[in-house]
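One letter stands for each residue in the lines below.
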Amino acid sequence: MFRSFFRSFSRDIGMDLGTANTLVYLRGKGIVISEPSVVAIDKRTGIPQAFGAAAKAMVGKTPANIVAVRPLRDGVIADFDVVEKMMKYFFDQAHKHVGASIAGRPRVIVGVPSGVTDVEKRAARDAAMNAGAREAYVIEEPMAAAVGAGLPVTEPTGSMVVDIGGGTTEVAVISLGGIVINHSLRTAGDEIDEAVIAFARREYNLLIGERMAEKAKIAAGSAYPLEEEIKVTLRGRDLLTGLPKAIEISSIELREGIAGPVANIVSEVRTALEETPPELVADIMEHGITLAGGGSMLRGLDRRIAAETKMPVHIAEDPLSCVARGTGKMIEEFDKYRDTIRRSQESRRIKRG
């Protein structure tokens, strides 16, 4: 009885600790936090001044003593102390939804890229424990995404998921609760943004920031010809005059500008299919490839992958939250997914791009 009372004040947490965004699933409540993985820090004291959306709004606009940082790069922890503080902040914010204190010490499952090393896995677990968890587990993001997308991961059926996040693209074939084929490619949403920045500089001598590049990608980015092409305005600084400048470009130009990283992602999907056992390929041909992650929302990416692989391709419902919903489902049904979670703690050889 005491244990059930204690756990009512220690809501367990599933977390998608992403390069671009962090989502937190609270047991019994669903996703309660969805904010950018950004922290604003006072350089003189090292004390965080803001987290999440408030910190992202400061990017490129801070005074000299405050710097807005992204403590995760390519899906892995680049600054352990800052990640720990960010996780503690998000844990506290999540528990405010039920009036519970972080002192309850929740059980936590954190989604991490499948290509991380044992040291990087341990860093994610240690950060969660130091942030207040009583137990911490890591789960590979493609597995969590597949669970969140509702794929039959525990059945003897081949399922293929492509999770395109901010820092990494995870391509995995899953069957019987385990990952059979797994590729982790450090080309994803951030690299597409960088390609937009490089395109504007190369073609128009225009220097734009990360936020402008991301806005342009969302507004007019595409991986396949559109039925009706779109135009978008880029605003930045003219590299020749040093003055502010705005130009209008079409989605056709933008598609050519981001062709490199998009081609890398599609190529990785094809390579993974070539390595997949025939019986599982037959299942994938029947059920299709599932796209998850924020990067899957790039216009026409599903059609591009379908054209190049000759496979049906589906975008998961609410692809941005798939990993978080997957970790949440594992928290809700911990005993059912116990073996899958255990496998994720073990070492495995990963095909890394």
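Residues numbered from 1 in each chain as written. Predicted model: local features only at pLDDT ≥ 70, side-chain atom pairs only at ≥ 80, totals over all residues. Heavy atoms only, no water.

1. What about helix 10 (residues 278-287)?
(1) Moving on: Within helix 10, the full set of buried residues consists of Leu-280, Val-281, Asp-283 and Ile-284. Projected onto a plane normal to the axis of helix 10, the buried residues spread over an arc of 160° and lie on a single side. Facing away from the buried side of helix 10 by more than 90 degrees, the exposed set consists of Pro-278, Glu-279, Met-285 and Glu-286.
(2) Moving on: Two residues or fewer past helix 10, Gly-288 is found with a positive phi of approximately 90°. (Buried < 20%, exposed > 50% of the residue type's maximum accessible area, 1.4 Å probe, protein only. Helix = DSSP H or I, 4+ residues; strand = E, 2+ residues; numbered from the N terminus. Arc of directions from axis to C-beta.)

2. A look at the UniProt feature "binding site: ATP" (unreviewed entry) in the protein
(1) Moving on: Listed under "binding site: ATP" (unreviewed entry) in the UniProt record, and renumbered for this structure, are Thr-19, Ala-20, Asn-21, Gly-166, Gly-167 and Thr-168. In sequence the annotated residues extend across 150 residues, while in space they remain close, none of their C-alpha pairs exceeding 12.6 Å.
(2) Moving on: Among the secondary structure elements, Ala-20 is positioned in the loop between strand 1 (13-17) and strand 2 (21-26).
(3) Moving on: Setting aside residues no more than four positions away along its own chain, Ala-20 makes contact with Pro-36, Ser-37, Arg-70 and Gly-166.
(4) Moving on: Note on placement: Thr-168 falls in the loop between strand 11 (159-164) and strand 12 (169-175).
(5) Moving on: Apart from the residues within four sequence positions on either side, Thr-168 is in contact with Asp-74, Gly-75, Pro-113, Glu-141, Asp-163, Leu-185, Arg-186, Thr-187 and Ala-188. (UniProt positions renumbered as here; feature names shortened; annotations may be inferred. Contact = heavy atoms within 4.5 Å.)

3. Quick look at unusual backbone geometry
(1) Moving on: Although it is not a glycine, Leu-176 sits at a positive phi angle of roughly 55°.
(2) Moving on: Relative to the assigned elements, Leu-176 resides in the loop between strand 12 and strand 13 (178-185).
(3) Moving on: According to the relative accessible area criterion, Leu-176 is exposed, its value standing at 52%.
(4) Moving on: The backbone of Asn-205 sits at a positive phi, close to 50°, despite the residue not being glycine.
(5) Moving on: Given a relative accessible area of 32%, Asn-205 falls into the partly exposed group.

4. As for the packing of helix 3 (residues 80-95) against helix 4 (residues 118-130)
(1) Moving on: The interhelical angle for the contact between helix 3 and helix 4, taken along N-to-C directions, is 50°, at an axis separation of 8 Å. Accordingly, the angle class assigned to the pair helix 3 and helix 4 is oblique. Two packed elements cross with a definite hand, and for helix 3 against helix 4 that hand is right-handed. Where helix 3 abuts helix 4, its residues Phe-80, Val-83, Glu-84, Met-87 and Phe-91 lie against Ala-123, Ala-124, Asp-126, Ala-127, Ala-128 and Asn-130.
(2) Moving on: For the contact of helix 3 with helix 4, the per-class residue count stands at 8 nonpolar, 1 polar and 2 charged. (Axes fitted to C-alpha atoms, helices over the stretch in contact; angles between N-to-C directions. Parallel < 35°, antiparallel > 145°, perpendicular 65-115°, else oblique. Left-handed = near helix turned anticlockwise from the far one by under 90°. Nonpolar A, V, L, I, M, F, W, Y, C, P; charged D, E, K, R; others polar.)

5. Remarks on the packing of aromatic side chains
(1) Moving on: Tallied over the entire structure, the rule returns 4 aromatic pairs.
(2) Moving on: Each ring, one from Tyr-137 and one from Phe-334, has its centre 5.5 Å from the other, and the planes form 50°; the classification is tilted. One end of the pair, Tyr-137, is in strand 10 (residues 135-140); the other, Phe-334, is in the loop between helix 12 (322-332) and helix 13 (338-345), with 197 residues separating them in the sequence.
(3) Moving on: The class of Phe-334 is buried, set by a relative accessible area of 7%.
(4) Moving on: Ring geometry for Phe-199 against Tyr-204: centres 6.1 Å apart, planes inclined by 75°, an arrangement best described as edge-to-face. (Phe/Tyr/Trp six-rings, centres within 6.5 Å; stacked < 30°, edge-to-face > 60°.)

6. What to know about the environment of Thr-340
(1) Moving on: With respect to the helices, strands and loops of the structure, Thr-340 is situated in helix 13.
(2) Moving on: Judged by relative accessible area, Thr-340 falls into the buried class, the value being 5%.
(3) Moving on: Remark: the alpha-carbon pair of Thr-340 and Glu-228, spanning 112 residues in sequence, is separated by 44 Å.
(4) Moving on: Thr-340 has contacts with Ile-139, Met-143, Gly-177 and Met-330, leaving out every residue within four places of it along the chain.

7. Structural notes on the environment of Met-87
(1) Moving on: Following the sequence through the fold, Met-87 ends up in helix 3.
(2) Moving on: A relative accessible area of 0% places Met-87 in the buried class.
(3) Moving on: Considered as a pair, Met-87 and Gly-132 are 45 residues apart in the sequence and their alpha carbons are 8.9 Å apart.
(4) Moving on: Ignoring sequence-local partners within four residues, the contact set of Met-87 consists of Met-15, Leu-17, Val-110, Ala-124, Ala-127, Ala-128 and Ala-131.

8. Some details on the confidence of the model for the protein
Parts of the prediction with low pLDDT should not have their coordinates interpreted in detail.
(1) Moving on: Here the protein shows a mean pLDDT of 88. Residues at 70 or above account for 92%.
(2) Moving on: The model gives residues 1-9 a pLDDT under 50, and that stretch makes 8 contacts with residues more than four places away or in other chains.
(3) Moving on: The low-confidence segment residues 347-352, where pLDDT is below 50, has 15 contacts with residues more than four positions distant or belonging to other chains. (pLDDT = per-residue confidence, 0-100.)

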